[in-house]
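Residue strings, one per chain:
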Amino acid sequence: MKYFIDDAQGCKTKNGKGVELYRYCADNYRHVILDSEEEISNIINDIQDKINDLNRKYPRSRQSLVANYRKFKYADFGTISVDWEDNNHNACCTMKVVVAKGILVDGVMQDND
């Protein structure tokens with residue numbers, strides 16, 4: 001099954017770490033097609049590595065960013081979210097991951113097999 005990440009959305013933050021992480025996600029994962037759920041896990045690990053790098057770069061800012069993937073049980077989409085560990089209502093960045101129904105190749109729609 002293939003998945004599609006359309007764009008990253010971020011909240012308004014004054015925190016340099018949050019802004020830099022949002023830009024990283026937006027630049028690297030905009031309009032991306034994924035071939036499996038394993039690639040979603042790889043993205044989560046990549047984001048977590050970036051968070052660790054930013055924790056070293058900004059040692060005096062909030063350290064507790066966490067990346068996770070939440071798949072909705074009765075829907076064909078989920079979200080990758082980067083949240084502040086102490087406040088889940090204020091996400092730093094979210095990306096909607098949808099199941100790709102098909103892929104347009106050279107003007108021809110191909111089914112997602």
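Residues numbered from 1 in each chain as written. Predicted model: local features only at pLDDT ≥ 70, side-chain atom pairs only at ≥ 80, totals over all residues. Heavy atoms only, no water.

Right, let's talk about the pattern of salt bridges for a bit. Across all of its chains, the model carries three salt bridges by this definition. A salt bridge links lysine 2 to aspartate 35, with the shortest nitrogen-to-oxygen separation between them at 2.7 Å. Here aspartate 35 lies in the loop between strand S2 (32–34) and helix H2 (37–57) and lysine 2 lies in the segment before strand S1 (3–10), a separation of 33 residues in the sequence. Judged by relative accessible area, lysine 2 falls into the partly exposed class, the value being 23%. (Salt bridge = Lys/Arg side-chain N within 4 Å of Asp/Glu carboxyl O. Helix = DSSP H or I, 4+ residues; strand = E, 2+ residues; numbered from the N terminus. Buried < 20%, exposed > 50% of the residue type's maximum accessible area, 1.4 Å probe, protein only.)

Each aromatic ring pair is summarised here by two numbers: the centre-to-centre distance and the angle between the ring planes. Going through the model one piece at a time under the given rule, you end up with one aromatic pair. Both rings, one in tyrosine 24 and one in tyrosine 29, keep their centres 6.4 Å apart while their planes meet at 80 degrees; by these two values the pair is edge-to-face. (Phe/Tyr/Trp six-rings, centres within 6.5 Å; stacked < 30°, edge-to-face > 60°.)

Next up on the list: unusual backbone geometry. Backbone phi values are negative for most residues with the exception of glycine, while trans is the configuration of most peptide bonds. Of note in this structure, histidine 31 is not a glycine but carries a positive phi near 55 degrees. When you line up the elements, histidine 31 lands in the loop between helix H1 (16–28) and S2.

Here we take up H2. Here H2 is 21 residues long and its end C-alpha atoms lie 30 Å apart, about the 30 Å a rise of 1.5 Å per residue gives. Buried within H2 we find Ile40, Ile43, Ile44, Ile47, Ile51, Leu54 and Asn55. Projected down its long axis, H2 shows its buried positions confined to an angular sector of 120 degrees, all on one face. In H2, the exposed positions angled more than 90 degrees off the buried face are occupied by Glu38, Arg56 and Lys57. (Expected span 1.5 Å × (residues − 1). Arc of directions from axis to C-beta.)

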